[in-house]
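# Working through the structure, step by step
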Amino acid sequence: MTNTPKRPEYRRVADTMRGRIAGGEYAPGERLPTGKELATELEVSQGTAEKALRVLAAEGLITMTTQGTHVTRIPQKIRRAVPQRYEATYRERGRGAFDVEVREHGYEPRWETTVTETDDATIRARKMWADDVPVQIAVTTVPKAVAQESDVKGQDTGTGGIISRMAQAGHGQDLMREEIDVRPPTAEEQEFLGLSEDHRVYELTHSAYAEDGTTVETTVHVMPTHLWSLAYTWYPDESR
């Protein structure tokens, strides 16, 4: 008979706290007991309780700062659905796909855009929030001529965002490719997104091409894995 290894005590404590959060005992944003308080309540060592909290923090269920430990304020992952988010009828319900995605989940979207120019391109770097929670960093590079003709050099690109502006100027996206990696966040990403080095982020590179094969947009999205889900739908038979 094979003996089942005994589950570590800190894992059992993490299970208990995870269940309490899922059951609504602790609301989004609510402060949790300290490691010492939790140790007393569950009759475990303080080290075990603190290790359990670190497990939940790595999962993204809680945040641990100098102000205390709190349940994350975004308990429901934001769904990023392809190809839906690139359809004009979807994007133009708001000021681009991110705007619509966040509102669909009941949060208020906000972003800050920094526009810079190189000899060859217009670069739009955005920091993005759902309510007051930082949820994404996105850096978009558009060839300079395309950006100028599409009028996407300003802070606000209007209904549907830059993809709609480019399509109106004759620079529609005929082919798209997305590559996804999962990695630890950089120090800069940790600072803005409120992450630790134990968290993981999606690095999603979206490349878009015109009908003649030239690149019209490249965007690198950085998204905490505990805040986002990625959904892809397509027909396996291209003739459909």
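Use the structure listed above.
Further remarks concern helix H3 (residues 46–59). Compared with an ideal rise of 1.5 Å per residue, which puts 14 residues at 20 Å, H3 spans 20 Å between its outermost C-alpha atoms and is within 8% of the ideal. Among all positions of H3, only Thr 48, Ala 49, Ala 52, Leu 53, Val 55, Leu 56 and Ala 57 are buried. Buried positions along H3 lie against helix H1 (9–22), helix H2 (35–42) and strand S1 (62–65). Residue Gly 60 follows H3 closely and has a positive phi angle near 90 degrees.

Buried together is how nonpolar side chains tend to be arranged in soluble globular proteins. Residues Met 17, Tyr 26, Leu 32, Leu 38 and Ile 62 are the most contacted members of the largest nonpolar core, which totals 18 residues. Of all elements in the fold, only H1, H2 and H3 reach the threshold of two or more residues within this core. Element by element, the count of residues in this core is highest for H3, at 6 residues. Not counting the four nearest positions on each side in its chain, Met 17 is found in contact with Tyr 26, Leu 32, Pro 33, Leu 38 and Leu 56. Counting 15 residues, the second-largest nonpolar core is a separate cluster that includes Phe 98, Val 102, Met 128 and Val 133.

Basis of the calculations
- Residues numbered from 1 in each chain as written.
- Predicted model: local features only at pLDDT ≥ 70, side-chain atom pairs only at ≥ 80, totals over all residues.
- Heavy atoms only, no water.
- Helix = DSSP H or I, 4+ residues; strand = E, 2+ residues; numbered from the N terminus.
- Expected span 1.5 Å × (residues − 1).
- Buried < 20%, exposed > 50% of the residue type's maximum accessible area, 1.4 Å probe, protein only.
- Contact = heavy atoms within 4.5 Å.
- Core = buried A, V, L, I, M, F, W, Y, C linked by side-chain atoms within 4.5 Å.

So far we have only geometry, and geometry alone does not tell us how the molecule works.
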